[in-house]
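# Topology and contacts: notes
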Amino acid sequence: MSLLEVRDLRTEFRRSDGERLTVVDGLSFDVEPGKALAIVGESGSGKSVTVRSLLGLLPKTAKAAGSAQFQGKDLLKLKQRELRRIRGRDIGMVFQNAMEAMNPTLTVERQLTEHLLWHGICGKAEARQRAVQALGDVGIPEPERRVRMYPFQMSGGMRQRTMIAMAMITRPALLIADEPTTAVDVTIQRQLLDLLAGLKEQGTGIIMITHDLGVARYFCDDVMVMYAGQVMERATTLELLDRPRHPYSVGLIGSSIEVGGRELPLIPIPGSPPDLARRPAGCPFHPRCAQAEQPRCSEEQELIKLDAGPEANGTTAHGHGAACWKAATLV
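This section reports on the structure supplied with the text. (Residues numbered from 1 in each chain as written. Predicted model: local features only at pLDDT ≥ 70, side-chain atom pairs only at ≥ 80, totals over all residues. Heavy atoms only, no water.)

### Examining the sheet that holds strand 7 (residues 174-178)
Under the convention used in this document: Strand pairing requires that DSSP identify at least two bridges connecting the strands. Starting at the N terminus, helices and strands are each numbered in turn, a helix being any DSSP run of H or I of at least four residues and a strand any DSSP run of E of at least two. By the convention used here, residues are in contact when the closest approach between their heavy atoms is within 4.5 Å. Angles run from 0 to 180 degrees between N-to-C directions of axes, and those axes are lines fitted to C-alpha atoms, restricted for helices to the stretch in contact.
Spatially, the eight strands line up as an open sheet ordered 6-7-8-3-9-10-12-11, and their pairing is mixed. Whereas interior strands pair on both sides, the edge strands pair on one side only; in this sheet they are strand 6 (91-94) and strand 11 (304-305). Two strands pair when backbone bridges link them, and strand 11 and strand 12 (residues 321-322) are joined in this way by two bridges, in the antiparallel orientation. Its bridge partner lying in strand 12, Lys 305 is registered against Gly 321. Here helix 1 (residues 47-55) sits on the sheet and contacts strand 3 (36-40), strand 6, strand 7, strand 8 (205-209) and strand 9 (222-227); the angle it forms with strand 8, its principal contact strand, is near 140°. Contacts from helix 11 (residues 247-254) reach strand 3, strand 9 and strand 10 (230-236) within the one sheet, and its direction differs from that of strand 9 by about 100°.

### As for the environment of Val 147
By the secondary structure assignment, Val 147 is in the loop between helix 6 (143-146) and helix 7 (156-168). Sequence spacing of Val 147 and Leu 135 is 12 residues, and the spatial spacing of their C-alpha atoms is 7.6 Å.

### Some words on helix 7
Defined as follows: To estimate how far a helix should extend, the number of its residues minus one is multiplied by 1.5 Å. Accessibility here uses a 1.4 Å probe with only protein chains present; expressed as a share of the type maximum, an area under 20% marks a residue as buried, one over 50% as exposed, and anything in between as partly exposed.
With 13 residues, helix 7 should cover 18 Å at 1.5 Å per step; its first-to-last C-alpha distance of 19 Å lies within 8% of that length. Within helix 7, 12 of the 13 residues are buried, which leaves it mostly tucked inside the rest of the structure.

### Observations concerning the pattern of salt bridges
Our working definition: Between Lys or Arg on one side and Asp or Glu on the other, a salt bridge is scored when a side-chain nitrogen of the former is within 4 Å of a carboxyl oxygen of the latter.
A full pass over the atoms with the stated rule returns 17 salt bridges. Glu 126 is paired through a salt bridge with Arg 130; the nearest N and O atoms lie 3.3 Å apart. Placement of the pair is Glu 126 and Arg 130 together in helix 5 (residues 124-137), with a separation of four residues, close to one helical turn. A salt bridge links Arg 278 to Asp 275, with the shortest nitrogen-to-oxygen separation between them at 2.6 Å. On the basis of relative accessibility, which here comes to 63%, the residue Arg 278 falls in the exposed class. For Asp 275, a relative accessible area of 38% gives the class partly exposed. Among the charged side chains, a network of salt bridges with common partners joins Arg 10, Glu 12 and Asp 25.

The quantities given are spatial measurements derived from coordinates; they are silent on function.
What follows is the structure, encoded as structure tokens:
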């Protein structure tokens, strides 16, 4: 049974001229307890907007539609008051920019304990103990002293680890991590991933937004590739990274470096992501795709089921699917 079931998520932003800009267009995916889903893609592909849509963290000019079932509730139908009861308690969030996400006028202890106290999880004394332990768990030295600091007194990597501690301190059922290892060195990165792996073993479902395909391979069970607000491909991690079937997935992997792959040449994807205000017809990747065939690629885009498993229902929620009519021939 899925912990989170997202179906046909569509997020639009209203521009100053009254036009609506579709940033996320028809996403469907599942997250299971004890499993991690990686969302990958170029900057501007809609990864962060996707998870912010689920948590109601969009500006007033944005509107999200579709459904997102979490523990019997549709997150997209809840009011902000109801979402506040879920955010920080049942769903934890690690934001990408720790300095902007943390309040520079409040101590680390205050920011670590406020979720525990606001949700009535424990009292002040236990909350402080948990705060110190959480800092130690993410590898921050002298946690008893650091907990009294302000964010600006910490390094960038230490702030990022504190953000992870804040998200984990309530032991949420679902953890959303937006580039959680961006500002840390490789030794701390491994420590944090091992810590997140421990949460998976305890049954926590995880959504990880990352540009690092090596992190996805090491940590995540499934991968969803996004481009121009749409799902290009979704499969298990090993299946997608070892046998990508969408030309964009092939290009994304070919332009990335993984440990142990030094002998492989880097092949950048030509061109740039499309302007969403002038989204190409058909497959949004076709203007950059070396395998595009006209007029079919500029007229249609269909999600193709590539496996015959019991849950391969033709959507990106289960099984291996790719939004390219040529995917079956790419092996």
